[in-house]
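Residue strings, one per chain:
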Amino acid sequence: MPQFIRNPAHAAGMTHCAIPIVLLMLTTLPTAAAAAPDTVFFPSADGKTEIVGYLFRSQTPGPHPAIVLLHGRGGPYSINVNKDCTLVSRTNPSAACNAGSLSKRHAMWGQYWADHGYFALLPDSFGPRGKAHGFGRFTHDDPDRSDVNERTVRPLDAEGALSWLRSQQEISGNRIFLQGWSNGGSTALNVMQRQGATSGYRAALVFYPGCGPAALLAQTLSSAAPITMLLGTDDEEVSPDRCRDVASRSVAAGSKIDVVVYPGATHDFDDPGRRRQSNPANSAALQDAMVRAIAAIDGLKD
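Below or above, wherever it landed, is the structure these notes cover. (Residues numbered from 1 in each chain as written. Predicted model: local features only at pLDDT ≥ 70, side-chain atom pairs only at ≥ 80, totals over all residues. Heavy atoms only, no water.)

1. What to know about the side chain of N82
In this structure, N82 sits in the loop between β4 (64-70) and α1 (104-115). Judged by relative accessible area, which is 5%, N82 ranks as buried. A polar atom in the side chain of N82 sits 3.0 Å from the backbone oxygen of H133. Filtering out sequence-adjacent residues up to four positions away, N82 remains in contact with G74, Y77, C97, A132 and H133. (Helix = DSSP H or I, 4+ residues; strand = E, 2+ residues; numbered from the N terminus. Buried < 20%, exposed > 50% of the residue type's maximum accessible area, 1.4 Å probe, protein only. Polar contact = N/O pair within 3.5 Å; in protein donor to acceptor, adjacent residues only side chain to side chain. Contact = heavy atoms within 4.5 Å.)

Now the structure itself:
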């Protein structure tokens, strides 16, 4: 059972409130193969980079809410194909890294949101900068990552995605949300820190982010929009305790952050592949996270 902490400011000896979860029909994983998303292009807010994005479209009548999906340090594409990928752009399309070769997790979540009435936009921050291959574990200090940094570069891509979505007639401009994983989760927290009290993303869903000083703009976040942080106790890549400390200080300072901690769950617990889902804790965490994700943002009113 997950530990749900609505107000982590009570921690040093953090009080955990376990809540029962009803696995609703909407949480079942997609079983049928879905069509590849559309490939779109939009400017990053850095003023110089055109970002490649993959847009999952809802088939229901609009206007639609939307969610931007921020990939982790491995990039948006399947590790089965991305090894030799470098530049992905409008003028240099890749035969291997494209809308048809997204990782299972990104394809699953993109389709999940589309099935529930959302447009989901997955920006590729790496391909337009010649790094579509992504990066392996424990490469945070790799100098090749400096120009795709989660503190100074990738938040500008997310801000560009927000502006582009607001320009689309099919999108409800005041109902745009953010979801990020790992390095993309850190990016999402930095986006929320940057926007502060201004009108921007309505809420953020943050999966197992890095929360150290090298990953975040601030160790006490200031966000007027709510954040849901989902962590696994057995994360082998980032520290859930450090994230809980950041959340605790941020809540005490007035930010709205809910923290969900999944006992036994690892990094990438929502990866639907066989290796991750063979761990029962990851399987339970994935099902619960899908309930919480839709509940966290569907209930926010215009």
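2. A word on the state of the cysteines
Using the criterion set out here, one finds two disulfides in the structure. C211 shares a disulfide with C243; S-S distance 2.1 Å. On the S-S bond that ties C211 to C243, the torsion sits near 95°, and the link is right-handed. Here C211, found in the loop between β7 (204-207) and β8 (227-232), pairs with C243, found in helix α4 (residues 240-252); they are 32 residues apart in sequence, far enough to count as distant. A relative accessible area of 2% means that C211 is categorised as buried. (Disulfide = S-S within 2.5 Å.)

3. Digging into the packing of aromatic side chains
Scanning the entire structure with this criterion turns up 14 aromatic pairs. An angle of 80° between the planes, with centres 5.4 Å apart, marks the rings of W109 and Y112 as edge-to-face. Remark: Y112 and W109 occur in helix α1; sequence separation between them is three residues, near one turn of the helix. Each member of the pair W109 and Y112 is classed as buried. Ring centres 5.2 Å apart and planes at 70° place the aromatic pair Y262 and F269 in the edge-to-face group. The class of F269 is buried, set by a relative accessible area of 0%. Among the aromatic residues, those joined into a cluster by ring pairs are W109, Y112, W113, Y118, F177, W181, F207, Y208, Y262 and F269. (Phe/Tyr/Trp six-rings, centres within 6.5 Å; stacked < 30°, edge-to-face > 60°.)

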